[in-house]
Amino acid sequence: MAHTLTLQSQENVTHDTHRYVFDRPEGFEFQPGQAAELAMCRDGWQEEGRPFTFTSLPADSHLEFTIKSYPSHDGVTEKLPDLAPGEHVTLDGPFGAITDEGPGLFLAAGAGVTPFIAILRKRAKEGDLDGCQLIFSNSKEKDIILRDEWQGMDGLKVDHVLSDEDVSGLHHGKVDKAFLEAHANLSGQVYICGPQGYVDAMRDAVKELGVPGDRIHTEEGW
């Protein structure tokens, strides 16, 4: 069912990522990890809907999305930061294949972390992060979304991996089978989100390390 939302506020999260807060339609329900299609109510953009993940919690009075902009795409994510409070978007959803199936390893690359934000926020609020680990891959330190929030989640083990910078206290390089074998707790569920090449590589790696398919969760099926 489609809804029209009004933007209440937006703010920078990183140099290229923004937090958007909208009103919440009465009776609208979703689960942490799910997404919806958003389209701007502007001439020429009403049919340009794109999927974005809810980063608010089901109990919140508002709807929040944390969205990275990609200027090189010349598309929706480039235009969204121009939205001013009071403007409208349409929402169609929710949908999505990643929901909380239990504690485990969260493998994210870049904006692929967004389905995990609400899941881990809910677990943090409930004091239920034991057995949860986030391995978060980015190009540079400035690209890390919600770094301070991750570090402040009591019980969450966090490993940041940077491909293009060598920063003290953070891993440098890329996540592969050897990295996972050395640093990852693979005893629980495994959640994977990011560019398709990353998702495929991580799925293959954890399978090779003995994780059965029914414990591996990705966004495929949207």
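Just so it is clear, the model here is predicted, and its values are computed rather than measured. (Residues numbered from 1 in each chain as written. Predicted model: local features only at pLDDT ≥ 70, side-chain atom pairs only at ≥ 80, totals over all residues. Heavy atoms only, no water.)

(A) The sheet that holds strand β9 (residues 157-162), seen in detail. Strand order in the open sheet made by the 6 strands is β10-β9-β8-β7-β11-β12, with parallel pairing throughout. Only two strands of the sheet have a single partner each, and these edge strands are β10 (171-172) and β12 (216-217). On the sheet, helix α5 (residues 196-208) packs against β7 (104-109), β8 (133-138), β11 (189-193) and β12 and is oriented at approximately 160 degrees with respect to β11. (Pairing = 2+ DSSP bridges. Helix = DSSP H or I, 4+ residues; strand = E, 2+ residues; numbered from the N terminus. Contact = heavy atoms within 4.5 Å. Axes fitted to C-alpha atoms, helices over the stretch in contact; angles between N-to-C directions.)

(B) Geometry of the nonpolar core. F116, L120, L134, W150 and L156 are the most contacted members of the largest nonpolar core, which has 24 residues in total. Taken together, the elements giving at least two residues each to this core come down to β7, α2 (114-125), β8, β9 and β11. Beyond its immediate chain neighbours, meaning those up to four positions away, L120 contacts F106, L129, C132, W150, M153 and L156. (Core = buried A, V, L, I, M, F, W, Y, C linked by side-chain atoms within 4.5 Å. Buried < 20%, exposed > 50% of the residue type's maximum accessible area, 1.4 Å probe, protein only.)

(C) Here's a closer look at the sheet that holds strand β6 (residues 88-95). Sheet architecture is open: 6 strands sit in the order β4-β3-β6-β1-β2-β5, paired in antiparallel fashion. Each end of this open sheet is capped by a strand with a single partner; those strands are β4 (50-53) and β5 (62-68). Neighbour-to-neighbour, the strand axes of this sheet turn through a mean angle of 40 degrees, independent of strand direction. As judged from the 5 bridges shared by strand β1 (residues 2-12) and strand β2 (residues 17-23), these two strands associate in the antiparallel manner. By the bridge assignment for β2, Q10 is matched with Y20.

(D) Inspection of the environment of G104 at higher detail. Relative to the assigned elements, G104 resides in strand β7. The class for G104 is buried, based on a relative accessible area of 1%. Sequence separation between G104 and R215 is 111 residues; the distance between their C-alpha atoms is 9.3 Å. What G104 contacts, discounting residues up to four positions off in sequence, is G131, C132, Q133, G188 and Q189.

(E) Representation of the side chain of T55. Following the sequence through the fold, T55 ends up in the loop between β4 and β5. Only 3.0 Å separates the side chain of T55 from the side chain of T66, close enough to count as a polar contact. Sequence-distant contacts of T55, defined by excluding residues within four places in its chain, comprise E64, F65, T66, T114, I117, A118 and R121. (Polar contact = N/O pair within 3.5 Å; in protein donor to acceptor, adjacent residues only side chain to side chain.)

(F) Geometry of the packing of aromatic side chains. Applying the stated criterion across every chain, the model contains 8 aromatic pairs. An aromatic cluster is built from F22, F28, F30, F54 and F65, whose rings are joined through pairwise contacts. (Phe/Tyr/Trp six-rings, centres within 6.5 Å; stacked < 30°, edge-to-face > 60°.)

(G) Quick peek at the pattern of salt bridges. Following the criterion strictly, the structure yields 14 salt bridges and no others. With a shortest N-O distance of 2.9 Å, R42 and E87 are connected by a salt bridge. Of this pair, R42 sits in the loop between β3 (35-40) and β4 while E87 sits in the loop between α1 (76-79) and β6, and the two are 45 residues apart along the sequence. Under the relative-accessibility criterion, R42 is labelled partly exposed at 26%. On the basis of relative accessible area, E87 is assigned to the partly exposed category, the value being 23%. A salt bridge links D159 to K157; its shortest N-O distance comes to 2.8 Å. Taking relative accessible area as the criterion, D159 reaches 7% and is therefore assigned buried. Owing to a relative accessible area of 43%, K157 belongs among the partly exposed residues under this scheme. One network of salt bridges, in which partners are shared, links E11, R19, E64, R121 and E149. (Salt bridge = Lys/Arg side-chain N within 4 Å of Asp/Glu carboxyl O.)

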